[in-house]
Amino acid sequence: MPRDNMASLIQKIARQARTTFKALPPADAGSFQANLAKLSKLLEKIQAEDLNLGPRRNGGPPPPQLGAHQGPPVTYMHICETDSFSMGVFLLQSGSCIPLHDHPGMHGLLKVLYGQVAIKCFDKEEEEEEEEDENEEAAAGSGADVQGVQFNPPLLQCQRAALRRSLRRSSDVLSEASDPCLLTPVQGNMHQIEARDGPAAFLDILAPPYDPDEGRDCHYFKMLQVSENAGDDSPESPQQQQQQQQPSQPIWLLEVPQPADFWCGGEPYPGPKVSPD
């Protein structure tokens with residue numbers, strides 16, 4: 001297909017994203033879902049070459065400003081941003097991981113452009129359950145007994161405000177042949193993304209964009225190790241527990257600072273110009 005038609009595809013995606021997310025929360029749920037479906041269909045067609053991208057050997061050379069030093073594990077290419085949405089491309093070096101993080105009050109779509117990514121998604125709790133959680137946390141003593149669950153090691157009292165209960169939504173390996181991955185303010189809102197068997201890249205749309213001043217800052221989490229049997233001397237690891245848990249079972253997460261081994265660099269977007277207006 002001619003390159004100019006390919007350029008119009010990313011332009012169409014930006015304009016459809018503007019139409020879809022121009023009013024959040026949506027006044028008309030039916031219209032919103034119809035527009036969201038149109039956006040997802042457009043994303044199904046996008047390919048790496050449409051954005052002048054291709055797989056990089058060993059994650060690609062480091063940016064010039066880093067000289068001979070190793071580049072960042074993850075790189076972001078900004079495409080466009082409005083008050084209602086942002087769009088860009090994440091490049092992951094082989095084996096690199098975007099740690100478990102959230103998207104407060106945001107919708108999002110992720111479409112793999114090349115490579116494979118393992119993505120683990122978690123649901124946020126509904127807002128109406130927050131008061132119940134606060135009461136449970138206040139009643140729990142040192143060593144953390146929340147709904148009969150003990151944490152190993154025990155939580156400090158100062159950590160209880162950072163404790164979150166969630167549900168596992170899904171755990172999948174996505175490639176460029178996969179459908180877009182969707183998140184909402186509740187469903188799949190927290191996720192971890194890891195490049196598998198080589199470098200990977202994905203197109204990312206978030207609506208509305210991150211904005212700490214508007215309460216939409218990025219928070220990082222780790223899955224807690226739990227042991228429901230107080231006499232269990234060899235509790236399973238969080239990864240083992242996650243594999244055995246059903247999607248409807250609660251998972252306990254602790255908010256943590258950005259992991260020291262994760263940072264995100266930036267590079268210019270090399271693809272067709274995009275104007276969402």
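See the structure shown above.
Residues numbered from 1 in each chain as written. Predicted model: local features only at pLDDT ≥ 70, side-chain atom pairs only at ≥ 80, totals over all residues. Heavy atoms only, no water.

A.B. asks: Can you help me understand the environment of histidine 101 in this one?
C.D. replies: Inspection of the secondary structure assignment puts histidine 101 in strand β3 (residues 97-101). Here the alpha-carbon distance between histidine 101 and phenylalanine 221, two residues 120 residues apart in the chain, equals 6.0 Å. Among residues more than four places away in sequence, those in contact with histidine 101 are Asn189, Met190, His191, Tyr210, Cys218, His219, Tyr220 and Phe221. Here proline 99 takes part through its backbone oxygen, which lies 2.7 Å from a polar atom of the side chain of histidine 101. At 3.3 Å, the side chain of histidine 101 forms a polar contact with the side chain of histidine 103. (Helix = DSSP H or I, 4+ residues; strand = E, 2+ residues; numbered from the N terminus. Contact = heavy atoms within 4.5 Å. Polar contact = N/O pair within 3.5 Å; in protein donor to acceptor, adjacent residues only side chain to side chain.)

A.B. asks: Which parts of the structure should I look at to understand the nonpolar core?
C.D. replies: In a soluble, globular protein the nonpolar side chains are often hidden away together inside. With 31 residues, the main nonpolar core has Ile13, Phe21, Met87, Val89 and Leu203 as its most contacted residues. At the level of elements, α1 (3-21), α2 (29-45), β1 (74-81), β2 (86-92), β4 (107-123) and β9 (190-207) are the ones that each hand at least two residues to this core. Broken down by element, the residue count for this core peaks at 6 residues, all from α1. Beyond its immediate chain neighbours, meaning those up to four positions away, leucine 203 contacts Ile10, Leu43, Ile46, Leu51, Ile79, Met87, Gly88, Val89, Leu109, Leu110, Lys111 and Leu113. With 17 residues, the next largest nonpolar core counts Val74, Leu110, Cys121 and Leu174 among its residues. (Core = buried A, V, L, I, M, F, W, Y, C linked by side-chain atoms within 4.5 Å. Buried < 20%, exposed > 50% of the residue type's maximum accessible area, 1.4 Å probe, protein only.)

A.B. asks: Is there a simple way to explain the pattern of salt bridges in this structure?
C.D. replies: It is possible for side chains bearing opposite charge to pair when their charged atoms get close. Inspection of the entire model under this criterion finds 3 salt bridges. Measuring nitrogen to oxygen at the nearest pair gives 4.0 Å for the salt bridge that ties glutamate 44 to lysine 41. Residue glutamate 44 and its partner lysine 41 are located together in helix α2, separated by 3 residues, close to a single helical turn. When the shortest N-O distance is used, the salt bridge between aspartate 102 and lysine 124 registers 3.3 Å. In this pair, aspartate 102 sits in the loop between β3 and β4 while lysine 124 sits in the loop between β4 and α3 (130-139), placing the two residues 22 residues apart along the sequence. According to the relative accessible area criterion, aspartate 102 is buried, its value standing at 2%. Since its relative accessible area comes to 23%, lysine 124 is described here as partly exposed. (Salt bridge = Lys/Arg side-chain N within 4 Å of Asp/Glu carboxyl O.)

A.B. asks: Sorry, what's going on with unusual backbone geometry here?
C.D. replies: Leaving glycine out, the prevailing phi sign among residues is negative, and the prevailing peptide bond configuration is trans. Residue proline 153 follows asparagine 152 across a cis peptide bond; omega there is 5°. Position of proline 153 among the secondary structure elements: in the loop between β6 (149-151) and β7 (163-175). Here the bond from alanine 207 into proline 208 is cis, since omega is -10°, no more than 30 degrees from zero. Within the fold, proline 208 resides in the loop between β9 and β10 (220-223). Located in the positive-phi region is asparagine 52, a residue other than glycine, with phi close to 60°. Note on asparagine 52: relative accessible area 44%, which makes it partly exposed. We note that aspartate 197 has phi near 55°; this positive angle belongs to a residue other than glycine.

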